[in-house]
Structure formats: C-alpha cells, structure tokens
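# Observations on the model geometry
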Amino acid sequence: MTNNVNDSSNNSDFICEPVILVQGGARTIAKAFLEKSALGVRDATLDGYRVLKNGGSCIDAVVKAVQALEDNPYFNAGHGSVINEAGEVEMHALVMRGDTCDMGGCLCVKHVKNPVKAARLILDESDYCLLSAEATLQVARQHGLEERPLEYFITDVSRQKKKNYEDSRSIQKDFDKRGEHDTVGAVALDCLGNLACATSTGGRNVPMVGRVSDSSICGSGGFADNNSVAVSTTGDGEAIMKVNLARMISMYVEQGMSPQQATIKSLNHMKARVGGKGGAISVDGSGRVGVHFTTQNMSWARIGGKFQNETTYSNDCVQFGTDCTNIRTEKI
Amino acid sequence: MITNGNSSSNDPDFICDPVIVVHGGAWKIPSDIHEHSALGVRDAAVTGHRVLKNGGSCIDAVVKAVEALEDNPYFDAGHGSVLNEAGEVEMHALVMRGDTCDMGGCLCVKHVKNPVKAARLILDESHHCLLSGEAALTLARQHGLEERPLEYFITDESRKEMKDYKNYSASIHELFDSQDGHDTVGAVALDCHGNLACATSTGGINAQKVGRISDSPIGGSGGFADNNSIAVSTTGHGESIMKVNLARMISMYVEHGMSPQQATMKSLNHMKARVGGSGGAISVDGSGRVGVHFTTQNMSWARVGGKFQNETTYSNDCVQFGTDCTNFRTEKI
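Residues numbered from 1 in each chain as written. Chains lettered and ligands numbered in written order. Predicted model: local features only at pLDDT ≥ 70, side-chain atom pairs only at ≥ 80, totals over all residues. Heavy atoms only, no water.

### Quick notes on the overall build of chain B
Heads up, the condition is: Each helix is a run of DSSP H or I of at least 4 residues and each strand a run of E of at least 2, with the numbering of both proceeding from the N terminus. Residue exposure (1.4 Å probe, protein chains only): buried if accessible area is under 20% of the type maximum, exposed if over 50%, otherwise partly exposed. Computed with a 1.4 Å probe, the accessible areas rest on the Shrake-Rupley method; for each residue, only the protein chains presented here act as cover.
On a plain count of helices and strands, chain B comes out with 10 helices and 14 strands. Across the 333 residues of chain B, 65% fall into the buried class. Total accessible area on chain B is roughly 11000 Å²; 47% of this is exposed by carbon and sulfur atoms.

This is how it looks when you write it as structure tokens:
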C-alpha cells in the first residue's frame, strides 16, 4: 500500500484518528491576558496536530505543543516562568509515553530553554524516570539542548507577579491565596493508537528555592497508559501531589468511567479532601476527551476526539477557550 | 477521665488498638545478612510500637521506626546507604499523614544523619510537599538536625556492593531482573486515635547516576497515607514503582473495597506485568487490616498488632517478623 504521509488514514498501521489537547494553566486569568492565553493554546494545538496529521507520534506531538507554550511569554513555563524567592527561575517538566508507561521528569532546572525537551531526553536516553537539576543539565548539555541566560526566562509579567505577591504578603499571609499556579501541558492520541502526555512549569509564584512542582512527578503532573488515558494536570501543586491527581483520573478510567467523569470526580475529591483547586485535560484510546477545572479559568484547546455529547470527531477545526462556556471553533 | 499515660486504652480519645508494620527492603537478601535484617526490622517495629502504646501519634511512630533503620548499617538508608556513580551518598525520604494527606519529601539529600527527620520537617514546617537536596539541607540546618560526614554513611557493605555491581545496569539486572529487588526502609502505623501515617527512606540503587531520584520521596510512589483508605510504604525497583504509582494504586483498590492484602498483591502483579518490575509493600488500614506482599525473593518485615491474612483478632503483645512469607517468627514483647 502506498503511504501518503500527508494523510494518516493511508498509513498501513493506521488505527484511529489522532487527537490533541493542550492546557495553559488553571487559575484566574487576568482580563488583559485572556485573549493571549486563548490564542496561545490554540496555536500550540495546531503545532502539535500538524505532527499527528503527518503520521507522527503522540510523544513528538505533545513535546512540540508544550515547547510552543514554553516559548510563549504569556505562560508560566520556559520563557515567562515565575520567579522564586532568590529571584531566579527553576523549571520542572514531565513526558510520559503510554505504550510502555516509561517517563522522563526533570526538576528545578535552570538554563535549558525548553525543559520539556530535557524531560524527553531523560525518557529516551536514560534508564531513569526523574533527575535532579544538575543531572538534567548534564544530560541536556551532552545532547546540545539550547540554553538561555536568566534574563531570557524572566519577563515583565513574571516580575509583576512577584511584586504583586510581595505587596499582598503583608495583608494576606494565606499561602493558598498566592493565586499563580499555572502550568502548561498536552495530551495526544496518535494514529497508531498510542497515548502520551507532557507537562511543564516554572512552579508556583515565588516558591521557596528548591521547591519541587507536581509537574515533574508522574501520577501528579501527568500520567499516560495506553490501557487507560493520557492526562496532564494543572493547579495547586501541593494539592495535586497529595491526591496524585493524574493517577486518580487514570484509575477511574480503568474502572470504567469516561475521561470527563473521571476528571470531574477527581477534581472534586481534591477540593473536598485537601482544599485544592485545579484542572486537567485527558484523552483515552478511543478518542474520548476530558476537560475540566475547578478554578475560574483554564486556557485549553483541542483538535479531534469526542467531547461531552459529541459522537463524531472534528478533525478539521480547533476548539479553544479560557472557560467552559465561551468556546470558539475555527477551521484549520 | 484520668489518662494513664502508659495505656492507650485509658485515653479518652482512644479509638482502636494501634498497629505498626515495618519493612527493610524487597530484594534478594544475601544469606549472611538475613539474620541482621530480620532482627533489624523486629527492633524497629518494637521501637515504633513503644511510641504507639504510650498514646503517641502514628507519625511519631513511623519516624521513630524508620530512624532506627537509618541508623542500622544493614539497611540501604542513612548509615548504610548505597553509593552513587561518584562514590557519594544521596538519600531520599518521605513522611505522609493520613488525616490531612499532607506530606513532606526530601530528595538527593547529603549530610543529614536521618533523612526521615528532614522529611518530617518539610511536612511540619513548610507549605511544600517536596524539596530538593539543598533546600532540604537548609531547612534541616535551621532546625538543628544532626549531620555526619560522608564516611559515616558509607559502610563496608555498600563499598562491596559497588565493587560487585560496578554499574547501574548490572545492579538492576542482578538485583531486580532475577526476581530480586533492592532495599529501602519504611513503616506504616495506625495509632490509637485512628490516624494513619507512612514513612519511607532510602539511599537509592547501587551505582546510580548522580542526581537520580528514587521513588521513595514521592507521594503515591514510595508511600501514601489517607485515613479514608490506608497507609502504604513501598520498596523495590524505583523506576517501576514510579511508572505505575504503586502506593496510590494500592490505596485506590482499598478505596474500592479490596483488603490491603488483596490490593497489594493486585498492584504488585500489575507492576510486574505492565512494566516488568519487582518490589514489595506494607500497609495498614483504619480497621487494622495489614497487608504484606513482595514479588522479589525476600523482604524483611515486622509487625506488632493488626489483623494479617486470616486472623480475626489483634496480637498486640508480640512482634511477628521475617525475611520471607513462610519463615516468620513470633516473639513476645
């Protein structure tokens, strides 16, 4: 059979229509940033989908999508990461593949322009699942990943977030009200039926130096298993870790729930059990999609898959928004 | 009501008889260490039980038990930790409390004599769940935790292991692939107030890359505790444990109605089938049902109290311990 690489359905291994979802963080998005967030996730989804449409793997797709968001200063990952107590940036990322359940995670990383690529290296090139900052940097340098000076990562937005936090501290000592805890992430189902997830973040606003985010931790920041679902989470990182949000969602799907039901149940549990808010995106092997958040907003976008009551795929348009009511659809 | 400090049953908040279970690692224990391992976990369980018997909290009990194993050179935690590629020691630990599901984890820690105490500090004194080496050390120093030079942590055993299994892949193959595993230490406890807690501590895997992070400090992998289900501590091939989130799996099966023992067996079998990893876990739920299972050749374990397998009554006056599931001993305490 002749393979037309531009049409995955002519691929002799083709099993299903690909799906990609992207999230740009669950939090209250300031009005001034709503449009940029919506367009940012839309564009990242298009980047990831282009990979899938050409028969590319789910891993390549999620890494491409997350990389686009890391390069976008309006998201708390890579360029645009929040600043820690020492005025520096420490980033965390995870990539997990659902065929083998293998993963690569990096934490407290500095200098690397795209931490999701470092996580990918750890997945592909090492026997390990999680490496500390120095070890990650070593692996990244061995493979020639691009680096940037501190000034690249810090934007006016992140400086402002730090200032807002410091100004409010004298009034509001409540740690949970720091507000900023966005992350970026993507999940994908490729035409071969494989699932993958990727998550990346600069952490919570003004964290303690050395605080590790849930985003680099499998079962918390993300999870992928072809037998259930690929998930990427965002929100109150400590709460996500306390309940293992991604693994919860996957186990509910294993037990028969749809990704959407599993996500709603798990986020409600997180709220009730440990008082934390957040969001998650997911897709399973049959293309059923989950998108839910308990914060005011979550920027998200998707191409393909079945969402809510849909019965057919929609591969020719991208759906995106910053909440669950004002959803836009554009032809691609 | 007058509270007799020596008997938890006179405590007005008393709900149940306490339980403690301890493990010293799932791996192929060399024959010359069997006895040391068995006695080590026995003594740690008795130490932890003493805390519980006096009405102490499950958190204090698990920390005390794990501390005893960290101080014992025959276990891969604290004093006796294995060496990494650079000939140094990097330790990881976790403490999680089941009443709030709050946790404290520290990774790649050096110098601190008892990493489990650093994890406890992160739980109690910080808003965070997981701190890297430098940050954990800073916190430890702020609170005056004891430190030791590198020579304290390295034992003849860990030097020998480094010599025998010169690289990480060989270690994995020898210690894991052939039904063997590697050790970590841990404890789970149910106190007389009905609260659950877990603690896990390790020096990692022989000849690991500098900066390789173990499953042990990760909530959901190295351990998990929720009063609504169970307290678990895991051991074995760390990467496999992380890929399936072993501790969280076990807890979710218990949430769905399985006993700790059934949940542990199912989860370990899944880990073997799905990602090819061997390991073990101990657990206890709010009604005192205990789970002990491992897919490696051995796991040193000990327990005081609780209901195990087909038992219907508690056994608070003796400690049960062993290095496999057939030859276990019982001694009065």
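Read on for the rest.
### Observations regarding the overall build of chain A
We count it as follows: The globule rule used for comparison is 2.2 Å times the number of residues to the exponent 0.38, while the radius of gyration itself is calculated over C-alpha atoms. Contacts are assigned to residue pairs that have any heavy atoms within 4.5 Å of one another.
The secondary structure content of chain A amounts to 9 helices and 14 strands. Scaling as 2.2 N^0.38, a compact globule of 332 residues should have a C-alpha radius of gyration of about 20 Å, and chain A matches this with 18 Å. Along the three orthogonal principal directions, the C-alpha set of chain A runs to about 65 × 45 × 35 Å. Within chain A, counting contacts between residues at least 6 apart in sequence, those at least 24 apart form 66% of the total.

### As for unusual backbone geometry
Positive phi is not limited to glycine here, since His111 of chain A has a value of about 70°. Along the chain, the position of His111 of chain A falls in the loop between strand E3 (103–109) and helix H3 (115–125). Phi angles above zero are rare outside glycine, and Cys101 of chain B is one such case at about 65°. Considering the arrangement of structural elements, one finds Cys101 of chain B in the loop between strand E2 (91–97) and strand E3 (103–109).

### Considering the packing of aromatic side chains
Residue and element names in this part refer to chain B. Formally: In summary, the pairing rule links any two rings of Phe, Tyr or Trp, Trp by its six-membered ring, whose centres are within 6.5 Å, and it sorts them by plane angle into stacked for under 30 degrees, edge-to-face for over 60 and tilted for everything else.
Overall, the coordinates contain 6 aromatic pairs over all chains when judged by the stated rule. With 5.1 Å between their ring centres and 80° between their planes, Tyr152 and Phe153 make a pair best called edge-to-face. The exposure class assigned to Tyr152 is buried, which follows from its relative accessible area of 19%. Plain terms: the ring middles of Trp301 and Phe308 are 5.7 Å apart, the flat faces sit at 65° to each other, and that makes the pair edge-to-face. Judged by its relative accessible area of 0%, Trp301 falls in the buried class. Given a relative accessible area of 2%, Phe308 falls into the buried group.

### Topic: the interface of chain A and chain B
As a reminder of what qualifies: Put simply, buried area is the surface a 1.4 Å probe can reach on two separate parts but cannot reach once they are joined, added for both. Here, a salt bridge means any side-chain nitrogen of Lys or Arg that lies within 4 Å of a carboxyl oxygen of Asp or Glu. Each polar contact in these results corresponds to two N or O atoms within 3.5 Å; when the atoms are within protein, one needs to be able to donate a hydrogen and the other to accept it, and residues that are neighboring in sequence are counted only if both atoms are side-chain atoms.
Listed as interface residues are 46 residues of chain A and, on the opposing side, 45 residues of chain B. Between chain A and chain B lies a buried interface of about 3600 Å² when both sides are counted; carbon and sulfur atoms form 60% of it. Area buried by chain A at its contact with chain B is led by Tyr128, Lys242 and Arg273 of chain A, which between them contribute 19% of it. Linking chain A with chain B are 4 salt bridges, by the criterion used here. One salt bridge connects Arg274 of chain B with Asp225 of chain A, and the closest N-O pair in it is separated by 2.8 Å. Along the contact surface separating chain A from chain B lie 16 residue pairs in polar contact (both at pLDDT 80 or more). Of all elements in the fold, only E3, strand E4 (130–131), helix H4 (133–142), helix H7 (237–243), helix H8 (245–254) and helix H9 (259–274) of chain A reach the threshold of two or more residues within the side of chain A that touches chain B. Among the elements that line the side of chain A that touches chain B, the one with the most residues is H8 of chain A, at 5 residues.

### A word on the packing of helix H1 (residues 31–53) of chain A against helix H2 (residues 58–71) of chain A
Residue and element names in this part refer to chain A. For clarity, the cut-off: All axes are obtained by fitting lines to C-alpha atoms, using only the stretch in contact for helices, and the reported angles, taken between N-to-C directions, cover 0 to 180 degrees. If an angle is under 35 degrees, it is roughly parallel; if it is over 145, roughly antiparallel; if it lies from 65 to 115, roughly perpendicular; otherwise it is oblique. Handedness of a crossing is defined here by the sense of rotation of the near helix relative to the far one, left-handed for an anticlockwise turn of less than a right angle and right-handed for a clockwise turn.
Contact geometry of H1 with H2 gives a least axis separation of 8 Å together with a crossing angle of 155°. Comparing their axes, H2 and H1 come out roughly antiparallel. Classified by chirality, the crossing of H2 by H1 is right-handed. Residue-level inspection shows Gly40, Val41, Ala44, Asp47, Gly48, Val51 and Leu52 of H1 in contact with H2, the latter providing Cys58, Asp60, Ala61, Lys64, Ala65, Ala68 and Leu69.

### A look at the sheet that holds strand E13 (residues 318–322) of chain B
Sheets are built from strands paired through backbone hydrogen bonds, the pairs being either parallel or antiparallel. Residues and elements named next belong to chain B. Stated precisely, the cut-off is as follows: Any two strands are treated as partners once DSSP identifies two or more bridges connecting them.
Taken in spatial order, the 9 strands of this open sheet run E4-E3-E2-E6-E5-E1-E11-E13-E14, and their pairing is mixed. Looking at which strands have only one partner, the edges of the open sheet turn out to be strand E4 (130–131) and strand E14 (328–332). In this structure, E13 lies alongside E14, joined through 5 bridges in antiparallel fashion. The partner of Cys318 across the bridge, within E14, is Lys332. Set on the sheet, helix H3 (residues 115–125) makes contact with E2, E3, E4 and strand E6 (196–202); between it and E2 the angle comes to about 45°.

### Let's talk about helix H1 (residues 34–53) of chain B
Residue and element names in this part refer to chain B. Under the convention used in this document: One less than the residue count of a helix, multiplied by 1.5 Å, gives the span that helix is expected to have.
The first and last C-alpha atoms of H1 sit 28 Å apart over 20 residues, in line with the 28 Å expected at 1.5 Å per residue. All of the buried residues along H1 are Ser37, Ala38, Gly40, Val41, Arg42, Ala44, Ala45, Val46, Gly48, His49, Val51 and Leu52. Packing partners of the buried residues in H1 comprise strand E1 (19–27), helix H2 (58–71), strand E5 (185–190), strand E11 (298–304), E13 and E14. Two residues or fewer after H1 comes Gly55, characterised by a positive phi angle close to 85°.

### Topic: the sheet that holds strand E14 (residues 328–331) of chain A
Residue and element names in this part refer to chain A. Reading across from one edge, E4-E3-E2-E6-E5-E1-E11-E13-E14 is the order of the 9 strands in this open sheet, with mixed pairing throughout. Sheet topology places E4 and E14 at the edges, where each strand pairs with a single neighbour. Pairing between strand E2 (residues 91–97) and E3: 5 bridges, direction antiparallel. The partner of Leu94 across the bridge, within E3, is Gly105.

### With respect to H4 of chain A
Residues and elements named next belong to chain A. The complete set of buried residues in H4 reads Ala135, Thr136, Leu137, Val139 and Ala140. Packed against the buried residues of H4 are E3, H3 and E4. One or two residues past the end of H4 sits Gly144, with phi positive at roughly 65°.

### Regarding the pattern of salt bridges
Summed over all chains, the structure comprises 35 salt bridges over all chains. In this structure, the salt-bridge partner of Glu35 of chain B is Arg329 of chain B, at a minimum N-O distance of 3.1 Å. Of this pair, Glu35 of chain B sits in helix H1 while Arg329 of chain B sits in strand E14, and the two are 294 residues apart along the sequence. Here Arg212 of chain B and Glu239 of chain B are joined by a salt bridge, their closest N and O atoms 3.0 Å apart. In this pair, Arg212 of chain B is assigned in the loop between E6 and strand E7 (223–225) and Glu239 of chain B in helix H8 (residues 238–244), connecting sequence segments 27 residues apart. Glu239 of chain B shares its class with Arg212 of chain B; the two are buried. Salt bridges sharing partners connect three or more residues here, namely Arg42, Asp43 and Glu330 of chain A.

### Comments concerning the packing of H2 of chain B against H3 of chain B
Residues and elements named next belong to chain B. What counts, and what does not: Polarity classes work like this: nonpolar for Ala, Val, Leu, Ile, Met, Phe, Trp, Tyr, Cys and Pro, charged for Asp, Glu, Lys and Arg, and polar for all others, with Gly in that last group.
It is the contact of H2 with H3, at a shortest axis distance of 8 Å, that shows an interaxial angle of 155°. The pairing of H2 with H3 is recorded here as roughly antiparallel in orientation. Of H3, the residues touching H2 (which contributes Ile59, Asp60, Val63, Val66, Glu67 and Glu70) are Pro115, Val116, Lys117, Arg120 and Leu123. Of the residues contributing to the contact of H2 with H3, the split by class is 6 nonpolar, no polar and 5 charged.

### Topic: the side chain of Asn84 of chain A
All names here are of chain A. In this structure, Asn84 sits in the loop between H2 and E2. Engagement of the side chain of Asn84 in a polar contact is seen with the side chain of Glu90, the distance being 3.2 Å. Apart from residues lying up to four places away in sequence, Asn84 is in contact with Glu90, Lys162, Val206, Pro207 and Val209.

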